[in-house]
Amino acid sequence: MDGPGRGAGPVTALVPAAGRGVRLGADEPKAFVPIGGTPMLTLAVNGLVAAAVVDEIIVMVPAEHVDRTAALLPPDAPVRIVVGGAERTDSVRAGLAAAGDTAFFLVHDAARALTPPALIARVVDELRAGHPAVVPALPVVDTVKTVDSGGKVTGTPDRGALRAIQTPQGFAAGALHAAYADAGSATDDAGLVERLGVEVRTVAGDPLAFKITTPLDLRLAESLLTARPAVTPC
């Protein structure tokens, strides 16, 4: 429940799921690749529902997979399916165009299928506390180098100031709409919002919210999924 001075209004989650998953080596969109028998997309949506902080979920998929997607999602969940685009930004724009009146958006990668519901709730709590953009973050544990086009090392950033960013990324609705109205691209949605001068707040991420990108990631996800209790919609 919203308290005094806290942001009120509905939360809409946008789930881009039109990516082809080339690095995963799959012959279908990555979101439909199963982990322990359950597609990533289903697991990601179940996590959003289980968090109990999202009012509507909009899933963006390739046109040829719309009917298939409907059969994979929880029948009682507040989910809508729209056709995504060739690029991730195109899919998010399609989700924004389909969304109704909402106060906040979450943009969540289907490939982060094991994201704990508690992390999702943490992002929404910070949005409702008045922060216009919120992203989950983890400290970088590896040494990071900058390199030039020839592979020569040009610097070693202080990893103490670096963070690996996860999803869901949360935004006040106006901030995300404005970011996508502006031309340009970025590796994440927060990058687009940052260009507008909007302050982005970080919250503690979770190792389970890792992105499943390679066959090794998939094997790890399958192992982790069998070792934890199932996440089912509320």
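Residues numbered from 1 in each chain as written. Predicted model: local features only at pLDDT ≥ 70, side-chain atom pairs only at ≥ 80, totals over all residues. Heavy atoms only, no water.

Trainee: Got a sec to walk through the UniProt feature "site: Transition state stabilizer" (unreviewed entry) in the chain? Specific residues and values, please.
Mentor: Following the UniProt record, one finds the feature "site: Transition state stabilizer" (unreviewed entry) at Arg 23 and Lys 30. Within the fold, Lys 30 resides in the loop between strand S1 (11-16) and strand S2 (34-35). (UniProt positions renumbered as here; feature names shortened; annotations may be inferred. Helix = DSSP H or I, 4+ residues; strand = E, 2+ residues; numbered from the N terminus.)

Trainee: Kindly report on the packing of helix H3 (residues 88-98) against helix H5 (residues 173-181), identifying the contributing residues and their values.
Mentor: Running from amino to carboxyl end, H3 crosses H5 at an angle of 130°, the nearest separation of the two axes being 11 Å. When the axis of H3 is compared with that of H5, the two are oblique. H5 is crossed by H3, and the crossing has left-handed handedness. Along the contact surface, H3 presents Arg 88, Thr 89, Val 92, Arg 93 and Leu 96, while H5 presents Leu 176, His 177 and Tyr 180. (Axes fitted to C-alpha atoms, helices over the stretch in contact; angles between N-to-C directions. Parallel < 35°, antiparallel > 145°, perpendicular 65-115°, else oblique. Left-handed = near helix turned anticlockwise from the far one by under 90°. Contact = heavy atoms within 4.5 Å.)

Trainee: Report on the environment of Leu 106, specifying residues and quantitative values.
Mentor: Locating Leu 106 in the fold gives a position in strand S6 (residues 104-107). Separated by 22 residues in the primary sequence, Leu 106 and Arg 128 have C-alpha atoms spaced 12 Å apart.

Trainee: Tell me what's going on with the pairing of strand S7 (residues 133-139), and back it up with residues and numbers.
Mentor: Burial of S7 is extensive: five of the seven residues sit out of reach of the surface. In the sheet, S7 pairs with strand S11 (residues 169-172) via two bridges, with the strands oriented antiparallel. Its bridge partner lying in S11, Ala 133 is registered against Phe 171. Two strands pair when backbone bridges link them, and S7 and strand S10 (residues 163-165) are joined in this way by three bridges, in the antiparallel orientation. Across the sheet, residue Leu 138 finds its bridge partner in S10, namely Ala 164. (Buried < 20%, exposed > 50% of the residue type's maximum accessible area, 1.4 Å probe, protein only. Pairing = 2+ DSSP bridges.)

Trainee: Lay out the pattern of salt bridges with the relevant residues and their values.
Mentor: Tallying each qualifying case throughout the model produces six salt bridges. Linking Glu 28 and Arg 68 is a salt bridge whose minimum nitrogen-to-oxygen distance equals 2.7 Å. Here Glu 28 is found in the loop between S1 and S2, whereas its partner Arg 68 is found in helix H2 (residues 66-72), with 40 residues between them in sequence. Take Arg 68: its relative accessible area is 33%, and that puts it in the partly exposed class. The partner of Arg 80 in a salt bridge is Glu 56, and the shortest N-O contact between them spans 2.6 Å. (Salt bridge = Lys/Arg side-chain N within 4 Å of Asp/Glu carboxyl O.)

Trainee: Explain the pairing of S1 to me, using residue names and the numbers behind them.
Mentor: With six of six residues buried, S1 is to be regarded as a mostly interior element. Going residue by residue along S1, you find Val 11, Ala 13 and Val 15 tucked away on one face and Thr 12, Leu 14 and Pro 16 tucked away on the opposite face as well. Of the pairings in the sheet, the one linking S1 to S6 comprises four bridges and is parallel in character. Directly across from Val 11, in S6, lies its bridge partner Phe 104. In the sheet, S1 pairs with strand S4 (residues 56-61) via five bridges, with the strands oriented parallel.

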